[in-house]
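# What the coordinates show
Listed below are the residues making up each chain.
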Amino acid sequence: MNTKQEKLDAFGRLLDIMDDLREKCPWDRKQTLESLRHLTLEETYELSDAILQNDLQEIKKELGDVLLHLVFYAKIGSEKNSFDIADVINSLNEKLIFRHPHIYGDTEVKDEEEVKQNWEKLKLKEGNKSILGGVPNSLPSMVKAYRIQDKVKGIGFEFHDAEDAWKKVDEEIKEFHDETDPVKKEEELGDVFFSLINYARISGLNPDSALERTNIKFISRFQKMEQLAYEEGLKLADLSLEEMDVLWEKAKRQQ
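Residues numbered from 1 in each chain as written. Predicted model: local features only at pLDDT ≥ 70, side-chain atom pairs only at ≥ 80, totals over all residues. Heavy atoms only, no water.

### Re the nonpolar core
We count it as follows: Nonpolar cores were defined as sets of buried Ala, Val, Leu, Ile, Met, Phe, Trp, Tyr and Cys residues, with membership established by side-chain atoms within 4.5 Å. For the exposure calls, accessible area comes from a 1.4 Å probe over protein chains only, and a residue counts as buried if that area is under 20% of its type's maximum, exposed if over 50%, partly exposed in between. Here a helix means four or more residues in a row that DSSP labels H or I, a strand means two or more in a row labelled E, and each is numbered from the N terminus.
Of all hydrophobic cores here, the largest spans 8 residues; its members are Met 225, Leu 228, Ala 229, Leu 236, Leu 239, Leu 247, Trp 248 and Ala 251. Of all elements in the fold, only helix H11 (207–231) and helix H12 (241–254) reach the threshold of two or more residues within this core. Of all hydrophobic cores here, the second largest spans 6 residues; its members include Met 18, Leu 36, Val 71 and Ile 76.

### Points about the environment of Arg 29
For clarity, the threshold we go by: Whether two residues are in contact is decided by their heavy atoms, any of which lying within 4.5 Å being enough.
Locating Arg 29 in the fold gives a position in helix H2 (residues 26–30). Placed 102 residues apart in sequence, Arg 29 and Ile 131 show a C-alpha to C-alpha distance of 39 Å. Ignoring anything within four residues of it in the chain, the contact list for Arg 29 reads Leu 21, Arg 22, Glu 23 and Lys 24.

### Quick notes on helix H8 (residues 141–153)
Think of an α-helix as 3.6 residues a turn; residues three or four steps apart then line up on the same face. Operational definition: A helix is expected to span 1.5 Å multiplied by its residue count minus one.
Counted at 1.5 Å a residue, the expected span for H8 with its 13 residues is 18 Å, and the 18 Å between its end C-alpha atoms agrees. Buried-residue contacts for H8 involve helix H7 (112–125) and helix H10 (182–202).

### With respect to the packing of H11 against H12
To keep things clear, this is the line we draw: An axis is simply a line fitted to the C-alpha atoms; with a helix, the fit covers only the stretch in contact. Between two such axes, the angle follows the N-to-C directions and lies from 0 to 180 degrees. Note on angle classes: values under 35 degrees are labelled roughly parallel, values over 145 roughly antiparallel, values of 65 to 115 roughly perpendicular, and the remainder oblique. Should the near helix be turned anticlockwise from the far one by less than a right angle, the crossing is termed left-handed; should it be turned clockwise, right-handed. Think of it as three bins: nonpolar holds Ala, Val, Leu, Ile, Met, Phe, Trp, Tyr, Cys and Pro, charged holds Asp, Glu, Lys and Arg, and polar takes everything else, Gly as well.
Following both chains from N to C, one finds H11 and H12 inclined at 115°, their axes separated by 8 Å at the closest point. Taken together, the axes of H11 and H12 are roughly perpendicular relative to one another. Between H11 and H12 lies a crossing of right-handed hand. Judged by residue contacts, Phe 218, Arg 221, Phe 222, Lys 224, Met 225, Leu 228 and Ala 229 of H11 engage Met 244, Leu 247, Trp 248, Lys 250, Ala 251, Lys 252 and Gln 254 from H12. The class makeup of the residues in the contact of H11 with H12 is 9 nonpolar, 1 polar and 4 charged.

### Concerning unusual backbone geometry
Residues other than glycine seldom take positive phi values, yet Asn 54 does so here, at roughly 55°. For Asn 81, which is not glycine, the phi torsion reads 55° and is therefore positive. Of note, Asn 81 is situated in the loop between helix H4 (56–79) and helix H5 (85–98).

### Remarks on the UniProt feature "domain: NTP pyrophosphohydrolase MazG-like" (unreviewed entry) in the protein
Condition: UniProt positions are given in the numbering used here, feature names are shortened, and annotations may be inferred rather than shown by experiment.
The UniProt record marks residues 31–103 with the feature "domain: NTP pyrophosphohydrolase MazG-like" (unreviewed entry), using the residue numbering of this structure. Helix makes up 84% of residues 31–103 and strand 0%, and the two end C-alpha atoms of the span are 40 Å apart.

### Describing the side chain of Arg 99
With respect to the helices and strands, the residue Arg 99 is situated in the loop between H5 and helix H6 (101–104). The exposure class assigned to Arg 99 is buried, which follows from its relative accessible area of 8%. Ignoring anything within four residues of it in the chain, the contact list for Arg 99 reads Trp 119, Leu 122, Lys 123 and Glu 126.

### Remarks on the packing of aromatic side chains
Applicable threshold: Centres within 6.5 Å are what make two rings of Phe, Tyr or Trp a pair, Trp counting through its six-membered ring; a difference in plane orientation under 30 degrees is then read as stacked, over 60 as edge-to-face, and the rest as tilted. Charge over a ring is defined by NZ of Lys or CZ of Arg lying within 6 Å of the ring centre and within 35 degrees of the ring normal.
Tallied over the full model, the rule gives 3 aromatic pairs. Taking 6.0 Å as the distance between ring centres and 15° as the angle between the ring planes, the aromatic pair formed by Phe 218 and Phe 222 counts as stacked. On the criterion of helical spacing, the pair formed by Phe 218 and Phe 222 is a turn pair, its members being 4 residues apart in helix H11. Owing to a relative accessible area of 46%, Phe 218 belongs among the partly exposed residues under this scheme. Lying over the aromatic face of Phe 176, Lys 185 brings its terminal NZ or CZ to 4.2 Å of the ring centre.

### Here we look at the pattern of salt bridges
Opposite charge on two side chains permits them to pair, given that their charged atoms come into close proximity. Where we set the bar: Note on definitions: salt bridges are taken to be side-chain nitrogens of Lys or Arg within 4 Å of carboxyl oxygens of Asp or Glu.
By the definition in use, this model includes 12 salt bridges. Salt-bridge contacts for Glu 62 lead to Lys 61; the nearest nitrogen and oxygen are separated by 3.2 Å. When its relative accessible area of 45% is taken as the criterion, Lys 61 is described as partly exposed. In this structure, Glu 158 engages Arg 201 in a salt bridge whose closest nitrogen and oxygen atoms are separated by 2.6 Å. You can see Glu 158 sitting in the loop between H8 and helix H9 (162–178) and its partner Arg 201 sitting in helix H10, a full 43 residues away along the chain. On the basis of relative accessibility, which here comes to 7%, the residue Arg 201 falls in the buried class. Each of Glu 58, Lys 61, Glu 62 and Asp 65 takes part in salt bridges that share partners, so that together they form one network.

Listed below in structure tokens is the structure:
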């Protein structure tokens, strides 16, 4: 592994390269905060994919892409005489010190949960008007639900255990099943999802990761089924559901 000085040198070189690109490259020179936004989201999802695949070399590559975007935003900020990368890092440093009084102060905590509770209380002291004020509106719905639940847990708004949370899931499923009005049924479906996400979180499971792994598994199995159909001279669109299910089970066994 690299020494601390080597890490600092590498970061300094990145800043120099960013300066060069911003000055000399037509594409880099043209970029704005707004034009980079969708690219940053794409890079973040690519990093997420690499993490789910546990591909350390790909994680290293994608981390570099995300880091480039962070440096890029800071460079644009400096051009607007608003902030530079040092301001970004110094602000982060001060926030981390303030929110870890059990490390940099005399506060004592007994476990991880108490650290999280203190974190949310300190955020309110920083000027946040609501515990939920820091949840981005643009988060994907499942991730947003998880973050909402995790944040209110910080002040004790939480089921006692996973069993209590599952009772809520059962209650919401019944309400969904009994509802006949289409508009209200959609609302009840949202309640089912929210309560199921809550149960997963309390049980120590990440619902977003779980669903994405299932998506990946389904894609792989379905593509295997397509391959089997091709090898047998069949077209999936011409098969009955029962015939496709036979291929599905065969694909499942082969994987």
